[in-house]
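Notes for the structure review
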Amino acid sequence: MSSRVPNQETKKMSLTIHSFANDIRVAKVLASAHLSKIELEVQEIDPTVTSTDEQSNPSGKLPFLRTEQGTISGTNTILRYICSRGGLYSGDAFTTSLIDAWIDWSGIITLISASWLYPIWGLEQENEVNRDISALNLFRELSKLNSHLNGKNFLVGDSFSLADISVAFSLLDLYTTVLDFEFRAHFPQVGKWLTSVLEKEEIKAVIGPIDFCNTPITPSLPKEIFSGMTLFYSSTFFSGNFFAIWKVEDSSY
């Protein structure tokens, strides 16, 4: 992931984001910074270290952003801070509330998709019933999004905003990993809108070119690996593909 904004008119602010290497959440923040023309440095944290400096990050949450005024933690909080300075989270109370509603909706998509994606990433054992429920709920939510986007280019109002960034990144895993053409065909407005978001040069500078799924990926880890073990992981992003940094330790003690 590039930590530099590809624009000579970058706004000079002393901002550094801290998290694990190739964290998808950081990719989303970086894309927002690029779009906001704000320079942002990235400081990687060792994934084997479970705690952070309480003075620099009192909440202990990752990622956290170090500013000239102090520390901000939590992805959505950081996104609002960055985008409010770049015009992507602005307007009257009603407009920002609409953006917040889509940020909340993107969180719902992340929760729904977990039962489908986590087994693929090796983070939990596959459960076909949960996967099917996940697919059904996702179909329902994407139907809502497709209807909302009918005749629109943006999620909120007549301009690109943090709402578009947040929702697009929440769908990225799904559209590149498990949602094949047959599934996506039910949501043409979503596909058109998502493609337009991911084709923005500022976003491509962070995540690279993206290809949507042709053949859904299926879990490959043996079920035995989950027996009597504890899985430690962090979701990561690199060059358009998601990986899981994880280690398995005996939890019998």
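Residues numbered from 1 in each chain as written. Predicted model: local features only at pLDDT ≥ 70, side-chain atom pairs only at ≥ 80, totals over all residues. Heavy atoms only, no water.

Along its length, the protein carries eight helices and six strands. The helix and strand sequence of the protein, counted from the amino end, reads β-α-β-β-β-α-α-α-α-α-α-α-β-β. In the protein, buried positions account for 44% of the 253 residues. Counting only contacts in the protein whose residues sit at least 6 apart along the sequence, the fraction spanning at least 24 positions is 70%. Total accessible area on the protein is roughly 13100 Å²; 50% of this is exposed by carbon and sulfur atoms. (Helix = DSSP H or I, 4+ residues; strand = E, 2+ residues; numbered from the N terminus. Buried < 20%, exposed > 50% of the residue type's maximum accessible area, 1.4 Å probe, protein only. Contact = heavy atoms within 4.5 Å. Areas by Shrake-Rupley, 256 points an atom, 1.4 Å probe, with all protein chains shown as cover.)

Counting residues in each nonpolar core, the largest one holds 63 residues, and the members touching the most others are Leu142, Leu145 and Leu171. Those elements giving two or more residues to this core turn out to be α1 (24-36), α2 (75-86), α3 (93-121), α4 (128-149), α5 (162-177), α7 (188-198) and α8 (201-207). Ignoring sequence-local partners within four residues, the contact set of leucine 171 consists of Ile109, Leu142, Leu145, Val190, Trp193 and Leu194. (Core = buried A, V, L, I, M, F, W, Y, C linked by side-chain atoms within 4.5 Å.)

Its 29 residues give α3 an end-to-end C-alpha distance of 39 Å, which sits within 8% of 42 Å, the value for a rise of 1.5 Å per residue. Residue alanine 114 marks the point of greatest curvature in α3, where the axis turns by about 55 degrees. (Expected span 1.5 Å × (residues − 1). Bend = angle between axes of the 7 residues up to and from the residue.)

Spatial ordering of the open sheet is given by β2-β1-β3-β4, a layout of four strands whose pairing is mixed. The strands lining the two open edges of the sheet, one partner per strand, are β2 (41-45) and β4 (71-73). When strand polarity is set aside, the average angle formed by the axes of neighbouring strands in this sheet is 25 degrees. Here five bridges tie strand β1 (residues 16-20) to β2, and the two strands are oriented parallel to one another. Across the sheet, residue isoleucine 17 finds its bridge partner in β2, namely valine 42. This element, α1, spans β1 and β2 of the sheet and lies at about 160 degrees to β1. Packing of α2 onto the sheet brings it into contact with β1, β3 (64-66) and β4, and relative to β4 it is tilted by some 125 degrees. (Pairing = 2+ DSSP bridges. Axes fitted to C-alpha atoms, helices over the stretch in contact; angles between N-to-C directions.)

Right, let's talk about the pattern of salt bridges for a bit. Overall, the coordinates contain six salt bridges when judged by the stated rule. The closest approach of N and O atoms between lysine 204 and glutamate 199, which form a salt bridge, is 3.6 Å. Residue lysine 204 is classed as partly exposed on the basis of its relative accessible area of 25%. Residues joined by salt bridges that share partners form a network here, namely Glu126, Arg131 and Asp132. (Salt bridge = Lys/Arg side-chain N within 4 Å of Asp/Glu carboxyl O.)

Let us look at the confidence of the model for the protein. For the protein, per-residue confidence averages 81 on the pLDDT scale, and 77% of positions sit at 70 or higher. Per-residue pLDDT, averaged within each element of the protein, yields its smallest value for strand β6 (residues 241-250) (32) and its largest for α7 (97). Every residue in residues 1-8 scores below 50 in pLDDT, and together they form 26 contacts with partners more than four places removed in sequence or on other chains. For residues 222-253, every residue scores under 50 in pLDDT, and the model assigns this stretch 72 contacts once sequence neighbours within four places are set aside. (pLDDT = per-residue confidence, 0-100.)

Turning next to unusual backbone geometry. Despite not being glycine, lysine 37 shows a phi value in the positive range, around 60 degrees. Inspection of the secondary structure assignment puts lysine 37 in the loop between α1 and β2.

Turning to the side chain of serine 134, a few remarks are in order. Within the element layout of this structure, serine 134 appears in helix α4. Setting aside residues no more than four positions away along its own chain, serine 134 makes contact with Ile112, Ser113, Ser115 and Trp116.

This part covers the packing of α5 against α7. α7 packs onto α5 with a crossing angle of 105 degrees between their chain directions and a minimal axis gap of 10 Å. One finds that α5 runs roughly perpendicular with respect to α7. Contacts between α5 and α7 involve Asp164, Val167, Ala168, Leu171, Leu172 and Tyr175 from the first element and Val190, Gly191, Trp193, Leu194, Val197 and Leu198 from the second. Considering only residue class, the contact of α5 with α7 consists of ten nonpolar, one polar and one charged. (Parallel < 35°, antiparallel > 145°, perpendicular 65-115°, else oblique. Nonpolar A, V, L, I, M, F, W, Y, C, P; charged D, E, K, R; others polar.)

Turning next to the side chain of histidine 18. On the secondary structure map, histidine 18 appears in strand β1. Side chain to side chain, histidine 18 and arginine 66 meet in a polar contact 3.5 Å long. Those residues in contact with histidine 18 that sit more than four places away from it in its chain are Gln43, Ile45, Leu62, Pro63, Phe64 and Arg66. (Polar contact = N/O pair within 3.5 Å; in protein donor to acceptor, adjacent residues only side chain to side chain.)

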